[in-house]
Amino acid sequence: MRAIVFHEYGGAPQLVERPAPTPGPREVLVRVRATSVNPIDWKQVDGTYRPILTARFPFVPGYDLAGEVAALGPGVTEFSVGQRVHTRLSGQAGGANAELVCAGLDVVCAMPEGMDFAQAAGLPLVGLTALQGLRDGCKLPLEGATERVLVIGASGGVGHVAVQLAKAASAHVTGVCSAKNVDLVRRLGADAVVDYTKPDPWRDVAPFDVVLDAVGGSPSQHLPRLSPRGRYASCVPGPAVFLRQALNVFSGRTVAPVLMKPNAKDLAVLDAFVTQRRLEVVIDSTYPPERLADAWARSRSGRAAGKIVIDWS
Ligand SMILES: NC(=O)c1ccc[n+]([C@@H]2O[C@H](COP(=O)([O-])OP(=O)(O)OC[C@H]3O[C@@H](n4cnc5c(N)ncnc54)[C@H](OP(=O)(O)O)[C@@H]3O)[C@@H](O)[C@H]2O)c1
């Protein structure tokens with residue numbers, strides 16, 4: 001089978017032949033049809049976050065994939081060969097960008113009816129982050145929400161799912177994006193948009209009960225935008241977020257880091273939103289495996305609207 005392999009930090013991707021893996025107990029072997037790019041993929045190979053996030057070489061990058069079950073590990077009865085599945089692989093070992101990949105039952109879900117492989121590969125990591133960020137980090141109820149929600153980075157992978165989940169929860173949603181993405185963010189359900197490229201974009205904007213930050217500002221920047229018992233969660237938490245979190249007991253306003261935990265239960269929650277047509281995955285662009293470097297360049301640009309997909313079909 002073919003796989004994309006890196007041999008050193010900062011190295012170039014190589015598409016090579018490797019032996020196919022064998023699924024173990026509580027695993028399925030997936031014939032991969034699509035993977036999606038997340039910033040963690042290239043940050044891991046760049047070595048940006050060593051030693052917290054290391055890469056073991058030779059290293060196959062990527063965490064999100066969709067495909068068909070090709071074989072079952074010993075004792076697996078929950079899936080059948082040929083079934084369409086998707087996952088955010090567990091752990092920090094990458095491994096998605098190959099033709100055949102083993103995935104644990106704790107993180108795999110059957111794909112929703114009508115969803116294509118590109119969208120199914122695009123959903124897991126960003127969807128889980130948006131869901132856990134809003135529900136757990138910001139304590140937003142998934143139904144009957146009355147909160148005013150601000151999503152920073154509303155056109156990106158995490159943000160465009162967060163806008164839709166907050167809207168599905170009945171919250172009043174404001175998305176922050178640049179002028180070129182205003183129509184997209186409104187189409188996804190935002191009630192209001194802040195165009196951060198405009199001069200003085202925050203003038204006349206009322207406080208928010210919930211702020212989900214998928215860009216990486218600081219608590220001091222965003223706490224003034226919160227209502228007295230408002231909740232701010234950052235998907236790009238630096239030391240300031242952890243320090244301010246320690247002070248939550250002294251303040252009505254709270255700060256939380258979002259540290260996404262892959263699991264099949266939450267992916268099934270997201271899949272239900274897709275089935276109910278309350279959540280769509282926007283595709284920014286699609287590349288063949290041979291052009292992984294170009295796909296990563298697009299991701300590094302920080303300008304992707306929705307998800308970047310690698311087509312393995
Ligand atoms: N902690 C976790 O568990 C976790 C999980 C997932 C992701 N993350 C992190 O979260 C961040 C976002 O991930 P992602 O996949 O959503 O990234 P992404 O898809 O690459 O985000 C790109 C989007 O960000 C927007 N953007 C850039 N600067 C902005 C700004 N100043 N204000 C508003 N929007 C801005 C861009 O819109 P414009 O072109 O309009 O500027 C673009 O649509 C990354 O740093 C990623 O590593 C963390």
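So, here's what we can say about the structure. (Residues numbered from 1 in each chain as written. Predicted model: local features only at pLDDT ≥ 70, side-chain atom pairs only at ≥ 80, totals over all residues. Heavy atoms only, no water.)

1. Considering the pattern of salt bridges
What the rule picks out here adds up to twelve salt bridges. The partner of E290 in a salt bridge is R2, and the shortest N-O contact between them spans 3.3 Å. Here the residue E290 occupies a position in the loop between β14 (283-287) and α9 (292-300), and R2 occupies one in strand β1 (residues 2-5), the gap between them amounting to 288 residues. With a relative accessible area of 24%, R2 lands in the partly exposed category. Where D294 meets R291, a salt bridge forms, and the shortest distance between an N and an O atom there is 2.8 Å. By relative accessible area, D294 is classed as partly exposed at 37%. Looking at R291, the relative accessible area reads 39%, which means it is partly exposed. Three or more residues are tied together by salt bridges with common partners; here these are R2, E99 and E290. (Salt bridge = Lys/Arg side-chain N within 4 Å of Asp/Glu carboxyl O. Helix = DSSP H or I, 4+ residues; strand = E, 2+ residues; numbered from the N terminus. Buried < 20%, exposed > 50% of the residue type's maximum accessible area, 1.4 Å probe, protein only.)

2. Brief notes about a nonpolar patch on the surface
There is a patch of nonpolar side chains on the surface, built from L247, V249 and F250 and spanning about 380 Å² of accessible area. Summarising the element assignment, L247 is placed in the loop between α7 (239-245) and β13 (254-257). (Patch = residues over 30% accessible without salt bridge, like charges linked within 9 Å, V, L, I, M, F, W, Y side chains within 5 Å. Areas by Shrake-Rupley, 256 points an atom, 1.4 Å probe, with all protein chains shown as cover.)

3. Remarks on the pairing of strand β11 (residues 208-213)
β11 sits mainly inside the fold: five of its six residues count as buried. Two elements, strand β8 (residues 148-152) and β11, share four bridges in a ladder whose sense is parallel. Bridging across to β11, I152 finds its partner in D213. In this structure, β11 lies alongside strand β12 (residues 226-234), joined through five bridges in parallel fashion. Looking at β12, one finds that V211 is bridged to Y232. (Pairing = 2+ DSSP bridges.)

4. Side note on the packing of helix α3 (residues 124-137) against helix α4 (residues 157-168)
To describe two helices that pack against each other, one gives the angle between their axes and the distance between the axes. Where α3 contacts α4, the two axes come as close as 8 Å, and the packing angle between them is 50 degrees. Classified by the interaxial angle, the pair formed by α3 and α4 is oblique. As for the relative orientation of α3 and α4, their crossing is right-handed in sense. Across the interface between the two elements, V126, G127, T129, A130, L131 and L134 of α3 pack against G157, V158, V161, A162, L165 and A166 of α4. Looking at the contact of α3 with α4 residue by residue, the classes come out as nine nonpolar, three polar and no charged. (Axes fitted to C-alpha atoms, helices over the stretch in contact; angles between N-to-C directions. Parallel < 35°, antiparallel > 145°, perpendicular 65-115°, else oblique. Left-handed = near helix turned anticlockwise from the far one by under 90°. Contact = heavy atoms within 4.5 Å. Nonpolar A, V, L, I, M, F, W, Y, C, P; charged D, E, K, R; others polar.)

5. Quick look at the environment of V32
As for its placement among the helices and strands, V32 is situated in strand β3 (residues 27-37). With residues near it in sequence (within four places) discarded, V32 still touches L65, A66, G67, A96, A98, E99, V101 and W312.

6. Notes on the nonpolar core
The biggest cluster of nonpolar side chains holds 56 residues, and the ones touching the most others in it are L134 and L165. Mapped onto this core, the elements with two or more residues apiece are α2 (117-122), α3, β8, α4, β9 (172-177), α5 (182-187), β11 and α8 (264-275). Per-element tally for this core: the top contributor is α4, with seven residues. Counting residues domain by domain, this core receives three or more from each of domain 1 (2-123 + 281-311) and domain 2 (126-257). In this structure, L134 is in contact with K139, L140, V149, A162, L165, A166, V210 and L212, ignoring residues within four places of it in sequence. Grouped together as the second largest cluster of nonpolar side chains are 37 residues, V28, V30, A98 and A295 included. (Core = buried A, V, L, I, M, F, W, Y, C linked by side-chain atoms within 4.5 Å. Domains from an automatic or database assignment.)

7. Observations concerning the packing of aromatic side chains
Evaluation of the coordinates by the stated rule reveals three aromatic pairs. Measuring from ring centre to ring centre gives 5.2 Å for F6 and W296, while their planes differ by 5 degrees; the resulting arrangement is stacked. Within this pair, whereas F6 is found in the loop between β1 and β2 (14-17), its partner W296 is found in helix α9, the two being separated by 290 residues in sequence. Across the pair, exposure class does not vary: F6 and W296 are buried alike. For the pair Y9 and F57, a centre-to-centre distance of 4.9 Å together with 90 degrees between the ring planes defines the contact as edge-to-face. Pair noted here: Y9 is in the loop between β1 and β2 and F57 is in the loop between α1 (39-46) and β4 (64-72), with a separation of 48 residues, a long-range link. Note on Y9: relative accessible area 23%, which makes it partly exposed. Over the aromatic face of W42 sits the side chain of K43, whose NZ or CZ is 5.9 Å from the ring centroid. (Phe/Tyr/Trp six-rings, centres within 6.5 Å; stacked < 30°, edge-to-face > 60°. Lys NZ or Arg CZ within 6 Å of the ring centre and 35° of its normal.)

8. Some remarks on the site of the ligand
In the vicinity of the ligand, 25 residues are found, and the nearest of them are S178, K180, Y196, V258 and A304. Here an oxygen atom of the ligand and a side-chain polar atom of K43 are 2.8 Å apart. A distance of 2.9 Å separates an oxygen atom of the ligand from a polar atom in the side chain of N181. Considering the ligand on its own, with 930 Å² of exposed area, one finds that the protein chains cover 84% of that surface. For the shell around the ligand, the residue count by class is 14 nonpolar, eight polar and three charged. In this structure, the shell around the ligand is formed jointly by two domains, domain 1 (2-123 + 281-311) and domain 2 (126-257), each of which donates at least three residues. (Near = heavy atom within 4 Å. Polar contact = N/O pair within 3.5 Å; in protein donor to acceptor, adjacent residues only side chain to side chain.)

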